[in-house]
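Report on the structure
Next come the chains, spelled out residue by residue.
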Amino acid sequence: HKLPPDIDASKISLILPRTVFDSDTDNIKMLIAGVKERGINQLTVPNIGMLSLCEGFILHGDYTLNVTNADSAKALIKLGFNSVTVSPEVVPDAIVKIVGAAEYIVYGKAPLMHSETCIISNITPCKKDGPCTAALKDKTGAVFPIMREYKHRNIIYNSVPTYLLDKIEKLNGVSAFVLYFANESDNEALSVLKARKNGTAYNAPFTR
């Protein structure tokens, strides 16, 4: 797909698939080459096994690298990452004091499960060329969105987002605050962006 003319490609980072098998490698190389032709020079990498595919790009470590201490962050920077996302399971203070290029997720529905099997196709007819989504509901009524990823692998997301936009002043030293959108509508995403910009309240269910 072509990028809209008003989009600065240099500010976009392509998020690579969470799982890449040997049989996927040639296709992933082709996709990476394609985004480079469009002027995109940044990649968000979920697995260090993919580094050999990413030469010539500015690299950002995704939260899936499980950075829970400064030693792991420093090791990833030495491997060639320009920044790393600190695991949402820990408070980032101790890491960001030692590693300057540490990012942190302050909004987003946490991915709970990554499935090789397409759960969506068992719930609703597959939309090969359009948005392919479904949901699971538990006994409490909570709804967990399912979204299609690369090669029809699925990601199941939490029913409500983690929300820390009102705690940003306590996250000293974080180099970038990550807002992680999944199935939000345009209006929902806009309300989150307004909350980040203006400090307004987020009027929807959330978790810490």
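How each quantity is defined
Residues numbered from 1 in each chain as written. Predicted model: local features only at pLDDT ≥ 70, side-chain atom pairs only at ≥ 80, totals over all residues. Heavy atoms only, no water. Salt bridge = Lys/Arg side-chain N within 4 Å of Asp/Glu carboxyl O. Helix = DSSP H or I, 4+ residues; strand = E, 2+ residues; numbered from the N terminus. Buried < 20%, exposed > 50% of the residue type's maximum accessible area, 1.4 Å probe, protein only.

**Some points on the pattern of salt bridges**
The tally for this structure, following the rule as stated, stands at 6 salt bridges. The partner of Arg-18 in a salt bridge is Glu-149, with the nearest N and O atoms 2.9 Å apart. Here the residue Arg-18 occupies a position in the loop between strand 1 (13-15) and helix 1 (25-37), and Glu-149 occupies one in the loop between strand 8 (143-148) and strand 9 (154-157), the gap between them amounting to 131 residues. The exposure class assigned to Glu-149 is buried, which follows from its relative accessible area of 16%. Of the charged contacts, one joins Arg-153 and Asp-24 as a salt bridge, the two residues approaching to 3.0 Å between their closest N and O atoms. One end of the pair, Arg-153, is in the loop between strand 8 and strand 9; the other, Asp-24, is in the loop between strand 1 and helix 1, and 129 residues separate them in sequence. We classify Arg-153 as buried; its relative accessible area is 4%. According to the relative accessible area criterion, Asp-24 is buried, its value standing at 1%. In this structure, a network of salt bridges that share partners links the residues Asp-24, Glu-116, Lys-151 and Arg-153.

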